[in-house]
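# Structural features, examined
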Amino acid sequence: ISNPKILDIPVRPNRKKIVFLSASSGLLISFLFFMFLDKKSDLLFTRNDFNKALPYPLLKTISKDNSTWLDNLTIILESIKVKNKKFNLLPLIPEDSELFNTFASFFKSNFKNGVLLKKNDINSLKEFESIILFTSAGLITKTNLNLFLEEVKLLDIDIKGFVYLDPYLKDTSL
């Protein structure tokens, strides 16, 4: 039997390292978990999501600030040559949302030659010309959008493009 050797530096757990590694791994695991839930939710959030999902051109990205909506929509209508003709806007957002109600009241008071269509009346859409889609982040799923696009394709409805309302956009010059 040999004599025990005593070290000059005591051996003990490195508490700072353990706390740092635990906190880092906890944040990483929670981040990955919420990314998984976000992808599983099937909701479209970004302008790029809508660009990929919709076969129509993006006409304009507008901010949530409704004081700029009139100028932006006027520019869009002029760009697709709908000055005095009747045009139609089809919101792809839930009709019971606050955004829909705000936009509907704005649209009805500012555009007398426009019709605000409802997504659930898909069969009546073929009667209209110059339909513009109105979208926003996190309010429609890819599945619902794909079902809608299949119905539009079957009915051969002419859609000019879409307007994306970005809730985080500050500059409306995009």
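This text follows the structure it describes.
Analysis parameters
Residues numbered from 1 in each chain as written. Predicted model: local features only at pLDDT ≥ 70, side-chain atom pairs only at ≥ 80, totals over all residues. Heavy atoms only, no water. Helix = DSSP H or I, 4+ residues; strand = E, 2+ residues; numbered from the N terminus. Polar contact = N/O pair within 3.5 Å; in protein donor to acceptor, adjacent residues only side chain to side chain. Contact = heavy atoms within 4.5 Å. Pairing = 2+ DSSP bridges. Axes fitted to C-alpha atoms, helices over the stretch in contact; angles between N-to-C directions. Core = buried A, V, L, I, M, F, W, Y, C linked by side-chain atoms within 4.5 Å. Buried < 20%, exposed > 50% of the residue type's maximum accessible area, 1.4 Å probe, protein only.

This part is about the side chain of Ser-136. With respect to the helices, strands and loops of the structure, Ser-136 is situated in strand S4 (residues 131-136). Separated by 3.2 Å, the side chain of Ser-136 and the backbone oxygen of Leu-165 make a polar contact. Apart from residues no more than four positions distant in its own chain, Ser-136 is found in contact with Leu-44, Phe-50, Ile-93, Leu-99, Tyr-164, Leu-165 and Pro-167.

Unusually for a residue other than glycine, Asp-42 sits at a positive phi of about 70°. By the secondary structure assignment, Asp-42 is in the loop between helix H1 (15-41) and helix H2 (47-53). Despite not being glycine, Asp-156 shows a phi value in the positive range, around 55°.

Two orientations exist for strands paired in a sheet by backbone hydrogen bonds: parallel and antiparallel. The strand order across the open sheet built from five strands is S1-S5-S4-S2-S3, with neighbouring strands paired in parallel fashion. The outermost strands of the open sheet, each flanked by one partner alone, are strand S1 (58-63) and strand S3 (114-116). Each neighbouring strand pair of the sheet contributes to a mean axis angle of 25°, computed without reference to strand direction. Bridge analysis of strand S2 (residues 87-91) against S4 gives four bridges, and the strand direction is parallel. Bridging from a neighbouring strand, Asn-88 pairs with Ile-131 of S4. This element, helix H3 (residues 69-79), spans S1, S2, S4 and strand S5 (159-166) of the sheet and lies at about 175° to S1.

Moving on, we come to the nonpolar core. Grouped together as the largest cluster of nonpolar side chains are 21 residues, with contacts concentrated most on Leu-54, Leu-125, Leu-133, Leu-145 and Phe-148. Elements represented by at least two residues in this core include exactly S4, helix H5 (142-155) and S5. At four residues, H5 tops the list of elements feeding residues into this core. Not counting chain neighbours up to four residues away, the residues in contact with Leu-133 comprise Leu-54, Tyr-56, Leu-90, Leu-92, Phe-148, Ile-159, Gly-161, Phe-162 and Val-163. If you look at the next biggest cluster of nonpolar residues, it comprises 20 residues, including Leu-73, Phe-87, Phe-107 and Leu-116.

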